[in-house]
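Chain by chain, the residues run as shown.
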Amino acid sequence: EMMELHTFTYNAFSEQTYLVDHGNGEATVIDPGMSHAAEQEDFAKFCDSRGLKPVQWLLTHAHLDHVLGAAWIHDRWGLSPCLHPLDRPTYDQAPRAASVYGIPMDPLPELGQPLDEQHSIQCGEESLEWRFTPGHAPGHVVFICHAERWVVGGDVLFRGSVGRTDLPGCNPKELVSSIENQLYSLPDDYTVWPGHGPSTTVGEEKLTNPFVNGAGTGMMQR
């Protein structure tokens, strides 16, 4: 029984929603961005076709594009999101951000258990490690599956880029430090699955990322 990661691209921001198949019929939802009936249907059909039941819901952070599917996930499977406590204000702001962008959004459900001090989240037989990676959002975290050598990274590190730092609650210095200390400390062959765009590897970004690299000479490191 292997943990398998599935990715879906949803909403006007082309946000990456993730589903972790535990290998035992259960699954974990990460950053649900589905924004209308067709996207909801797509996700539900995938779960049904695989016989998967989402039993847990994690958020890397709570920006609008990562929580557009929140009300639906809650209604459909009765789940509440696990979020880092420092990102609660981001979560509370999301509906306001949606109205600024003119994007319809159902009222957000209550938050579930916050991520706790254990830094380990059970997914069937396996577990995910979470690491605190602020900078793009005050309570941003990433989820690491050491057994399968991948990271669901939200909006910290992208292929050839990094998360925005021009939004409220952002901090460029913290973002650099999160990438250097929490992501670049992982083995080079770990795959990074970001909140937008294609996947990459830790090694590739350490070598070639123009903003933050392993040599400390990136545009944001000078």
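Refer to the structure above for everything that follows.
This text gives an overview of the structure that appears in the document. Counting restarts for each chain, with residues numbered from 1 along the sequence as it is written. Side-chain atom pairs in this predicted model are given and counted only at pLDDT of 80 or more, local residue features only at pLDDT of at least 70, and totals for whole chains, interfaces and linings cover all residues. Hydrogens and water are ignored here; the side-chain numbers use all heavy atoms of the structure.

This brings us to the sheet that holds strand β2 (residues 15–21). Any two strands with at least two DSSP-identified bridges between them are counted as paired. Helical segments are the DSSP runs of H or I of at least four residues, strand segments are the runs of E of at least two, and each set is numbered from the N terminus. With mixed pairing, 4 strands are arranged side by side in an open sheet as β1-β2-β3-β4. Each end of this open sheet is capped by a strand with a single partner; those strands are β1 (4–10) and β4 (53–58). With direction set aside, neighbouring strand axes in the sheet form an average angle of 25 degrees. Two elements, β2 and strand β3 (residues 26–30), share 4 bridges in a ladder whose sense is antiparallel. When the bridges of β3 are listed, Leu19 appears paired with Val29. Only heavy atoms enter the contact rule, under which two residues are in contact if any of them lie within 4.5 Å. Between N-to-C directions, angles span 0 to 180 degrees; the directions come from axes that are lines fitted to C-alpha atoms, helices contributing only their stretch in contact. On the sheet, helix α1 (residues 37–50) packs against β1, β2, β3 and β4 and is oriented at approximately 160 degrees with respect to β1.

Glancing now at the pattern of salt bridges. Salt bridges, as used here, are contacts in which a Lys or Arg side-chain nitrogen is within 4 Å of a carboxyl oxygen on Asp or Glu. Tallied over the full model, the rule gives 7 salt bridges. The partner of Arg88 in a salt bridge is Asp92, and the shortest N-O contact between them spans 3.6 Å. One end of the pair, Arg88, and the other, Asp92, are both in helix α3 (residues 88–101), 4 residues apart, so they sit about a helical turn from each other. Exposed residues in this analysis have more than 50% of their type's maximum accessible area, buried residues have under 20%, and partly exposed residues fall in between, with area computed by a 1.4 Å probe over protein chains only. Residue classification places Arg88 among the partly exposed positions, given a relative accessible area of 38%. You can call Asp92 partly exposed: its relative accessible area is 46%. Measuring nitrogen to oxygen at the nearest pair gives 2.9 Å for the salt bridge that ties Asp189 to Arg149. Taken as a pair, Asp189 in the loop between α4 (172–183) and β11 (191–194) and Arg149 in the loop between β7 (141–145) and β8 (150–154) lie far apart in primary sequence, 40 residues in all. Here Asp189 falls in the partly exposed class, since its relative accessible area comes to 44%.

Another point: the pairing of β11. Burial of the side chains of β11 is restricted to one face: Val192 and Pro194 are buried, whereas none of Thr191 and Trp193 on the reverse face is. Note that β8 and β11 share 4 bridges and pair parallel. Residue pairing in the sheet places Val151 in a bridge with Val192 of β11. Pairing of β11 with strand β12 (residues 200–201), which is carried by 2 bridges, proceeds in the antiparallel orientation. Following the sheet pairing, Val192 is matched in β12 by Thr200. The hairpin formed by β11 and β12 contains 5 residues between the paired strands, and Gly197 there has a positive phi angle of roughly 80 degrees.

Moving on: the environment of Arg131. Following the sequence through the fold, Arg131 ends up in strand β6 (residues 126–132). On the basis of relative accessible area, Arg131 is assigned to the buried category, the value being 14%. Considering only alpha carbons, one finds Arg131 and Val100, 31 residues apart in sequence, at a separation of 31 Å. With sequence-adjacent residues up to four places away left out, Arg131 is seen in contact with His140, Val141, Val142, Ile144, His146, Gln182, Ser185 and Leu186. Polar contact is the term for a pair of N or O atoms within 3.5 Å; when the atoms are in protein, one must be able to donate a hydrogen and the other to accept it, and sequence-neighboring residues count only if both atoms are side-chain atoms. A distance of 3.0 Å separates a polar atom in the side chain of Arg131 from a polar atom in the side chain of Glu129. Here the side chain of Arg131 touches Ser185 through a polar contact of 3.2 Å, side chain to side chain.

At their nearest, the axes of α1 and helix α2 (residues 70–77) sit 11 Å apart, and the two run at 40 degrees to each other. By the criterion of interaxial angle, the relationship of α1 to α2 is oblique. The handedness of the crossing between α1 and α2 is right-handed. For the pair α1 and α2, the contacting residues are Gln40, Phe43, Ala44, Cys47 and Asp48 in the first and Trp72, Ile73, Arg76 and Trp77 in the second. Here the nonpolar group is Ala, Val, Leu, Ile, Met, Phe, Trp, Tyr, Cys and Pro; Asp, Glu, Lys and Arg are the charged ones; every other residue, Gly included, is treated as polar. Grouping the constituent residues of the contact of α1 with α2 by class yields 6 nonpolar, 1 polar and 2 charged. The cut-offs work like this: below 35 degrees is roughly parallel, past 145 is roughly antiparallel, 65 to 115 is roughly perpendicular, and the gaps in between are oblique. Less than a right angle of anticlockwise turn of the near helix away from the far helix marks a crossing as left-handed, whereas a clockwise turn marks it as right-handed.

Judged by pairing direction, the sheet is mixed, and its 6 strands sit side by side in the order β5-β6-β7-β8-β11-β12 without closing on themselves. Taken across any chain shown, the strands that pair with only one partner, and hence form the sheet edges, are β5 (120–123) and β12. Direction of pairing for β6 relative to β7: antiparallel, over a ladder of 4 bridges. Bridge assignment links Trp130 to a residue of β7, and that residue is Phe143.

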